[in-house]
Amino acid sequence: MPQLPTLPSWQQLKQHWQAMQNTPMRDLFAENSQRFNNFSLEVGDILLDYSKQRITSETRSLLCQLAKESELQAYIERMFGGEKINNTEQRAVLHTALRQPQQTVIRVDNENIMPSIQASLQRMAEIVVQLHSGAWQGYQGQPITDVVNLGIGGSDLGPAMVTEALHPYQQTNIAVHFVSNVDATQLFQVLDKVNPATTLFIITSKTFTTMETMTNANTARQWLQSKLGEQCDLNQHFLAITANPQRALEYGIRKENVLTFSDWVGGRYSLWSVVGLPIAIAIGMQNFQALLQGAYEIDQHFRHAEFEQNLPVLLALLGIWNINFANCKAHAVSPYTQYLARFPAYLQQVDMESNGKQVNRDGEKIDYQTAPIIWGELGSNGQHAFHQALLQGQDVVPVDFIMTKQCHHDLDNHQTILMAACLSQSRALMQGKDLQEVEKELQTQGLSKGEIATLAPHKVIPGNRPSNTLVLKKLTPRNLGALIAIYEHKVFTQGVIWQINSFDQWGVELGKQIAKELVDNNGQAKTELASEFDSSTQGLWQFLIS
Ligand code: F6P
């Protein structure tokens, strides 16, 4: 594969950006009344409007040509077919297999993996029935009322985000809690409000070694024994979800309480696996299956739709246009739906832990931008917090607005105001307000020429700032599954074009190593640090532990 910057389409896109970067989107809308229809796409219950991007049909064609020259279709089939495209860990990347129909055959090392996936779903279903029916009882013979997931990163963000997003589909009065922070405050915020006799802990960790999770697990275990007695059978109050079952057994979890998944499921792509058990406990297996179905339908769309009509591919290419040609270093995600409050945090890991890389698949340093800084917040809040910078700041930050057409409450006036607010922001970013418009407005308000001359420059809004708007018909399990899969495949597509491995995360290992040089195996602070520690870390550490 030729180096990305040498591809013909890359060169053409560079020239194209030079030629059209000063064409205001206002003019593109003015010259084509059908612009919305020409640059929007509906897939299932999801509409993508990308007409407020600084593109023309020529831009779209060149970007799709870039995808073709990057051999994207071949890479898509390599992923779905189970090839070990995670080349630095020699692993397949098969979170997509988790939502394939049962009769599919997908082989890893010559073994069809589908039976094990079906067995995991069956085990999940059994546990959900036992919990919902009250058949699963704690040590004192009482049914479970609270489930506490102890995990971090991909062992927390996805399950937590989906459980919150699908709150209207809760099937049980079992409360599901998520603890990730090793700051014990978060754990005790939960423990202080649950009954030990009716609480089930799920230790979720792909490696079963993550310091934060295991520290929380140890404390939860001590807490339970302090409440129910040292002799209490932990297995009535602990499950383990991991790709390292041996470590879970050594920890003291019995075999039937250990749910496993394979190493070809990346942590940040694992909510579709047994890692999604807290989701299934909250919303029931039927809704969990609907979540899988929505993702599967996007998988099919992603594999078979022409790039110009392919929603994840278009999102990926628009991102590359803004990042690599318009030099945007950040990307904001702004849900206008309260239930998607945790969606930006979830996307940060999926996007930045996948594509925050600086060497290509072959280990060669690359000289072009890769993952942007992904950040975001609920739109209503953002408008009263950071939208000022989005509208008049020095940086152009593309925004993904995410909205639902139907909501789960019946206060239409709230929904109307919410929808108007969402569209007001994407239009303000695109349209802006130039000096002439500001001066005219101030004149009608009766300001003097002097006052106008003073105030007008401060009220100019540059505009021509790009955004996408994704509208879901309703935030249902199926549509949420589709939305998540869209972003998974967007990230995959960008990684293919950037010629990087999106599925390892070697960068995070250094922090883990350093932390272990500060704390001994019993979790006690080391009072003397190795001499090679910089004086800042030495000084801070001594200040902290003294
Ligand atoms: O952040 C590094 C990381 O390894 C993530 O990739 C992963 O989701 C998280 O830590 C938790 O890892 P584990 O599931 O093994 O506890």
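Described below are features of the structure shown in this document. Every chain is numbered on its own, with residues counted from 1 as its sequence reads. Given that the model is predicted, a residue must reach a pLDDT of at least 70 before its local features are reported, and side-chain atom pairs must reach 80 or more before they are shown or counted; all residues, however, enter totals for whole chains, interfaces and linings. Side-chain metrics in this entry use all non-hydrogen atoms of the structure; hydrogen atoms and water are not considered.

## Overview of the layout of surface pockets
What counts, and what does not: Space inside and on the surface of the protein is sampled on a 1 Å grid over the protein atoms alone, with a cavity defined as a set of points where a 1.4 Å probe fits but cannot get out and a pocket as an open set with protein on both sides within 12 Å along at least 5 of 7 lines; lining residues have an atom within 4 Å of a point. Grid points are joined across faces, edges and corners, and a volume is the space filled by probe spheres set on the points. Counting from the N terminus, the helices are the DSSP runs of H or I reaching at least four residues and the strands are the DSSP runs of E reaching at least two. Charged residues are taken to be Asp, Glu, Lys and Arg, nonpolar residues to be Ala, Val, Leu, Ile, Met, Phe, Trp, Tyr, Cys and Pro, and polar residues to be all remaining types, Gly included.
The computed volume of the largest pocket comes to approximately 890 Å³. In terms of lining residues, the largest pocket is bounded by 37 residues, among which Thr207, Thr210, Gln505, Glu509 and Lys512 are the most central. For the lining of the largest pocket, the element with the highest residue contribution is helix H21 (residues 507-518), accounting for five residues. Residues belonging to the lining of the largest pocket are distributed by class as follows: eleven nonpolar, 15 polar and eleven charged.

## Quick look at helix H17 (residues 412-431)
The line we're drawing: To estimate how far a helix should extend, the number of its residues minus one is multiplied by 1.5 Å. Exposed residues in this analysis have more than 50% of their type's maximum accessible area, buried residues have under 20%, and partly exposed residues fall in between, with area computed by a 1.4 Å probe over protein chains only. Note: the arc covers the axis-to-C-beta directions of the helix. Contact definition: two residues touch when any of their heavy atoms are within 4.5 Å.
Under the 1.5 Å per step criterion, the end-to-end length of H17 is 28 Å for 20 residues, consistent within 8% with the ideal 28 Å. Within H17 the residues assigned to the buried category are Gln415, Ala421, Cys422, Gln425, Ser426, Leu429 and Met430. All buried residues of H17 lie within an arc of 165° about the axis, which places them on one face of the element. In this structure, H17 carries Asp412 and Ile417 as exposed residues pointing more than 90 degrees from its buried face. Packing partners of the buried residues in H17 comprise helix H2 (25-31), helix H15 (379-383), helix H16 (387-392), strand E12 (399-404) and strand E13 (467-472). Of the residues trailing H17, glycine 432 is marked for its positive phi of about 60°.

## Quick look at empty space enclosed by the protein
By the definition in use, this model includes five cavities of 30 Å³ or more. Quantified by volume, the largest cavity comes out at close to 90 Å³. In terms of lining, the largest cavity is formed by Tyr75, Ile85, Asn87, Arg361, Phe492, Gly495, Val496, Ile500, Asn501, Ser502 and Phe503. In terms of residue class, the lining of the largest cavity is built from six nonpolar, four polar and one charged. Of all the secondary structure elements, the ones that give two or more residues to the lining of the second largest cavity are strand E10 (330-335), helix H14 (343-355) and helix H20 (477-497). In the lining of the second largest cavity, the residues fall into six nonpolar, one polar and two charged.

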